[in-house]
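# Residue-level structure breakdown
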Amino acid sequence: MATHRTHASSGWRVVRQMPALWTGMMLTTLGTLPGCTSREEAAAVKSMATAHPIDAEAARTLYVRHCAACHGAEGHGDGPANQHLYPKPRAFSDSPMRFASTGSGEDRVLDAIARTIREGMPRSSMPGFGGVLTESEIRGIAQYVHDLGSDIPVPRARGPLIAAKTPEFTAGLVTYGSSLFRSTGCVTCHGEKGYGDGTAMEGLVDSLGRPIHPANLASGQYKAGSTPDDLYRVIVNGVPGTPMPAYADMLFEGQPGSSVGHRKAWALVAYVMSLAPPPSETAANSGAEIVLTRAADPAMFEDSAHQAWRGVRETSISLRPLWQRPEPIRSVSVTALRAGDRVAFRLVWSDATCDVDHDSGDFPDAAAVMFAMGDEVAPLPMGVEVPGYTPASPVNVWQWKASRQYDTSTGRRHDATDPSTLDGDGYFLFAPTPGSEPIASLVSARGDDLRLLDPYNLAAMRAGNPHADASIVRHAVLEANALGFGTLTYQPPDLQHTNASALWANGRWFVTTFRTLSTGDDSDIDLTTPRRVPVAFAIWDGSRGDRAGVKLVSGWHWLVIEPSTGAAAGDR
């Protein structure tokens, strides 16, 4: 039987031995191409070929808005986000398309560039824009990017090399591929188990002299594409502009149609795919519709363990790290609910540790929801301003931190001399402090009221730092606005309207942020009018040192406010 321990006075409940109730945002290595295979030659992709691209000037405008922050206005990979990213953004004007299918026609290359724009690129911060931009807009940007690199020498052409039918990946073929993986030298860079930790990994650079890391083949996420044909193409043709060589000559020994060469190449593909984990659920890269629906019970917002959360429809959103590393967090599940005049966003993600301390060297788990407040889809890096583009409106950010959630649940601030100590057994439930009596604010705090302030932050308090105001102990979420890097500004304490409840159970966070649909503040997103609102998400893993720009981010998605849930419909 489960044992419950409740601290009613603090609003923080720890429940023991309960079962669980249930990862800026920039473009990087654009250039994933579908390859040149006999199969594709017989049935070429037609979707993009039939889309009429927008005109060159409109394409340039969209490129500047959505791409220049990372790739630079002239395509040199030198945008303002460049310093925050690894791998570095692709320099279209200075290096070849890395996964280009050599010997392909321009239409095939454009289709391939468009695929990367639409779907993004795994193991990088390159998001997708499918469902956010139209196919014509994507095609127009693809043409613009292609033209930026028009003066780059193209690798020598190779004819179609893939057999008409992929063989069965038997245990024998995998074993054969394992031996070839070693004898052909793949292990030198990619390592014995494919983790990208081979003896030659140190010092590798791309054609521009920038550091580059061998692919972690065991991740199951391949930048060139996830199909067997994609892997075959990379093994045979190599990756121009990188240390990854073409293995065609070694495998085929000068005979492109050799059945022995085909078998060797397919054996390597079979072995690489055997290193990957079992397929996981598919998460949306961009353009997912998160429909605002009515909550079954308003009490759900303050109780992340409420029974009514069971069965609520979730949308799985893909996350990408801004700085490449082995990443256990790959997605976040999102739900949007309304109850009366309040709205809530429920974020659920995997995290092996519950990190609630915030001190020198200690970082809390965190999450954020970002809204584009204007009529246009803003640049993903917090609406960043770049040469040639000035955002019409700032973005609105709701940032939750586990350290603030702990303080909110206990009703008091903790510091390095009073570390947060959780008493539980894999299950921690945090609820906002009950009661409506306000805590003394920075303006009114006098005498004994200062007991609520961290004594080590008095200088910050006197300087007007909103983080040092006692009144925000009531808020696990802080609202902020931004117009790009270095511009994130938290709203004053008396204009903080958002709060949260949370649950960490058996390696997963369940965080519910909530607020009124409208606050009457022009700096806040108004969610009363039926429409589609661009929304994005970010996750920080404190135990891995995540903070500020070190995080995982999503692409843009849509919060759909239907007439049946809008304010005009009332609460019926």
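In what follows, the accompanying structure is described. (Residues numbered from 1 in each chain as written. Predicted model: local features only at pLDDT ≥ 70, side-chain atom pairs only at ≥ 80, totals over all residues. Heavy atoms only, no water.)

Before going further, it helps to spend a moment on the overall build of the protein. When helices and strands are tallied, the protein shows 12 helices and 18 strands. With 572 residues in all, the protein has 55% of them scored as buried. Counting only carbon and sulfur atoms, one obtains 54% of the accessible surface of the protein, whose full area is about 24000 Å². (Helix = DSSP H or I, 4+ residues; strand = E, 2+ residues; numbered from the N terminus. Buried < 20%, exposed > 50% of the residue type's maximum accessible area, 1.4 Å probe, protein only. Areas by Shrake-Rupley, 256 points an atom, 1.4 Å probe, with all protein chains shown as cover.)

On to the pattern of salt bridges, then. Taken as a whole and assessed by the stated rule, the structure comprises 11 salt bridges. Measuring nitrogen to oxygen at the nearest pair gives 4.0 Å for the salt bridge that ties D230 to R115. One end of the pair, D230, is in helix α8 (residues 228-237); the other, R115, is in helix α4 (residues 106-119), and 115 residues separate them in sequence. The pair formed by D230 and R115 is uniform in burial state, with each residue classed as buried. (Salt bridge = Lys/Arg side-chain N within 4 Å of Asp/Glu carboxyl O.)

Turning next to the nonpolar core. Formed by 41 residues in total, the largest nonpolar core has its most connected members in W349, F371, W400, W509, L527 and L559. In this view, F371 contacts F345, V395, N396, W398, I525, V533, P534, V535, W556 and L559; residues no more than four positions away in its chain are not counted. (Core = buried A, V, L, I, M, F, W, Y, C linked by side-chain atoms within 4.5 Å. Contact = heavy atoms within 4.5 Å.)

Positive phi is not limited to glycine here, since N506 has a value of about 50 degrees. Here N506 lies in the loop between β14 (499-505) and β15 (508-516). Classification of N506 by relative accessible area gives partly exposed; the value is 46%.

Now for the pairing of strand β5 (residues 315-318). Where a strand is regular, its side chains alternate between the two sheet faces. On β5, burial covers both faces: T315 and I317 on one face and S316 and S318 on the other are all buried. Where β5 lies against strand β7 (residues 331-339), 4 bridges are found, and the strand directions are antiparallel. By the bridge assignment for β7, I317 is matched with V332. (Pairing = 2+ DSSP bridges.)

The subject of this paragraph is the packing of aromatic side chains. Counted under the stated rule, the structure contains 13 aromatic pairs. Between Y63 and Y144 the ring centres are 5.0 Å apart and the planes differ by 45 degrees, which places this aromatic pair in the tilted class. Taken together, the residues Y63 in helix α2 (residues 56-66) and Y144 in helix α5 (residues 135-148) connect sequence positions 81 residues apart. The same class applies to Y63 and to Y144, which are both buried. Both rings, one in F345 and one in W398, keep their centres 5.7 Å apart while their planes meet at 80 degrees; by these two values the pair is edge-to-face. With a gap of 53 residues between them, F345 in strand β8 (residues 342-350) and W398 in strand β10 (residues 395-401) connect regions that are remote in the sequence. Take F345: its relative accessible area is 1%, and that puts it in the buried class. Taking relative accessible area as the criterion, W398 reaches 1% and is therefore assigned buried. (Phe/Tyr/Trp six-rings, centres within 6.5 Å; stacked < 30°, edge-to-face > 60°.)

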